[in-house]
Amino acid sequence: MGFYEKYLQFRDFDFESFFKKVTDNDVLRIIQKDGVNEMEFLALLSPKGEKYLEPMAEKSQRLTLQHFGKIIFLYTPMYLANYCANQCVYCSFNVENRISRKKLTLGEVEKEAGIIAGEGIRHILILTGESRKHTPVSYIKSCIEILKKYFHSVTIEIYPLDRDEYKELIDSGVDGLTIYQEVYNEKTYKALHLKGPKKDYGYRMDAPERACMSGMRSVNIGTLLGLDNFIKESFFMGLHAQYLQNKYPGTEMSISLPRLRPHVGVFEPECRVSDKSLVQLIIAMRLFMPRLGITLSTRENAVFRDNLIGLGITKMSAGSKTEVGGYALKERTEGQFDISDTRNVEKIKAAIYKKGYQPVFKDWQNI
């Protein structure tokens, strides 16, 4: 059974009726429990749960310390290319957008890698637009051969692959996958992805599992917050993460929590996700899945990111650029989205230390 079967169990669920039945005592009782089930997780995400962020945050902090200690893992993204075959209305890389398109040469990849590694970063996330034509698996493998000289861990965020292709990249040195479903609401998904291979909802949904089956060490999933109802999307993301963690205990599971940011295009999100709602999601997720990694990117501003250290976050990006060649090249393309936290690695390290936590640059080495 794939996750889609689990999704179907709740696709037509009456969320509003459920929320009306959630009481203050229900939420307080759930917070005190040692384990939280699916419906209790939904209760923590509910409007009633918003009233109890403080006790939820205290519990979240205790669980995070218990399972991860006082550390924050740091990584940096590198964009290899921005060619894309998809027409996603919320993304700058949309094939219909008139932006400068570029793919790094292998020499440029090496230049970028040298600069990023020079900041102390040892975990790299490589990204492309979703174009097999311009960035085939063979190109990704060539880039990995270079990146392995500079980084102990290489994670990919590219188009979905077949199981044997994931295995091919794992054999070449990849140990992590990041891939977002973007939006779990199937109707909304079809409305937002107008053209290209990304229109295949099921193939994308099954990609994390194909990576797990291929032996990927770590898998990171997420939903792009703002594309549909915040609570429902968060619930399905939590169910997806739990499904993968339970079925593939040897794979390190984590989630990312990106909110929509300004980009090239005129798309306006259906739902605005407030800071308070994002905090509620983080701490509810921690109570639901105590061993889950939780990543916060530079889409969020510096003050907000700093204040979330200790509440459940385990990994943060640092010194990020979303342009192809953003670290080493003078001529840059448009970024995939606007960065909010523009601090360099040293400043983010200092902020983590100030909070009493330890920035970690290496927790894994692929041998």
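Residues numbered from 1 in each chain as written. Predicted model: local features only at pLDDT ≥ 70, side-chain atom pairs only at ≥ 80, totals over all residues. Heavy atoms only, no water.

**Student:** Before we move on, can you summarise helix α12 (residues 230-247) with the specific residues and values?
**Tutor:** For α12, with 18 residues, the first-to-last C-alpha span of 26 Å sits near the 26 Å given by 1.5 Å per residue. Counting buried residues along α12, 15 of its 18 residues qualify, which places the element largely inside the surrounding structure. (Helix = DSSP H or I, 4+ residues; strand = E, 2+ residues; numbered from the N terminus. Expected span 1.5 Å × (residues − 1). Buried < 20%, exposed > 50% of the residue type's maximum accessible area, 1.4 Å probe, protein only.)

**Student:** Before we move on, can you summarise the packing of aromatic side chains with the specific residues and values?
**Tutor:** Within this structure, the stated rule accounts for 21 aromatic pairs. Taken together, a centroid distance of 6.2 Å and an interplanar angle of 80° make the contact between Phe3 and Tyr184 edge-to-face. With Phe3 in helix α1 (residues 3-11) and Tyr184 in the loop between β4 (176-182) and α9 (186-192), the pair connects residues that are 181 residues apart, well separated along the chain. Among the residues examined, Phe3 registers a relative accessible area of 1% and is labelled buried. The ring of Tyr139 carries Lys103 above its face, with NZ or CZ at 4.6 Å from the centroid. (Phe/Tyr/Trp six-rings, centres within 6.5 Å; stacked < 30°, edge-to-face > 60°. Lys NZ or Arg CZ within 6 Å of the ring centre and 35° of its normal.)

**Student:** How would you sum up unusual backbone geometry? Please name residues and give values.
**Tutor:** Although it is not a glycine, Glu182 sits at a positive phi angle of roughly 75°. Take Glu182: it is sitting in strand β4. A relative accessible area of 8% means that Glu182 is categorised as buried.

**Student:** Just give me the short version of the pairing of strand β5 (residues 218-223), but keep the residues and values in it.
**Tutor:** Across the 6 residues of β5, 6 count as buried, placing the element largely inside the fold. Of the two faces of β5, the one lined by Ser218, Asn220 and Gly222 and the one lined by Val219, Ile221 and Thr223 are each fully buried. Relative to β5, β4 runs parallel, the two sharing 6 bridges. Note on β5: the bridge partner recorded for Leu177 is Val219. Pairing between β5 and strand β6 (residues 252-256): 5 bridges, direction parallel. Bridging from a neighbouring strand, Asn220 pairs with Ser254 of β6. Handedness of the crossover is the feature at issue here: the chain leaves β5, passes through α12, returns alongside β6, and the resulting connection is right-handed. (Pairing = 2+ DSSP bridges. Right-handed = clockwise from strand over helix to strand, strands pointing away.)

**Student:** So what's going on with the environment of Ser274? Residues and values would help.
**Tutor:** Relative to the assigned elements, Ser274 resides in the loop between β6 and α13 (275-288). The spacing of Ser274 and Lys33 is 241 residues in sequence and 27 Å in space, taken between C-alpha atoms.

**Student:** Give me the lowdown on the environment of Gly250, citing residues and values where you can.
**Tutor:** Take Gly250: it is sitting in the loop between α12 and β6. By relative accessible area, which is 73% here, Gly250 ends up exposed. Separated by 180 residues in sequence, Gly250 and Lys70 have C-alpha atoms that sit 23 Å apart.

**Student:** Now, about the pattern of salt bridges: what can you tell me, with residues and values included?
**Tutor:** A full pass over the atoms with the stated rule returns 27 salt bridges. Note that Glu300 is salt-bridged to Arg259, the shortest N-O span being 2.5 Å. With a gap of 41 residues between them, Glu300 in the loop between β7 (293-296) and α14 (302-308) and Arg259 in the loop between β6 and α13 connect regions that are remote in the sequence. Across the pair Arg305 and Asp341 runs a salt bridge whose closest N-O atoms are separated by 3.0 Å. Of this pair, Arg305 sits in helix α14 while Asp341 sits in the loop between β8 (315-317) and α15 (345-354), placing them 36 residues apart in sequence. The pair Arg305 / Asp341 is uniform in exposure class, with both members buried. Connected via shared salt-bridge partners are Glu130, Glu182, Lys198 and Arg204. (Salt bridge = Lys/Arg side-chain N within 4 Å of Asp/Glu carboxyl O.)

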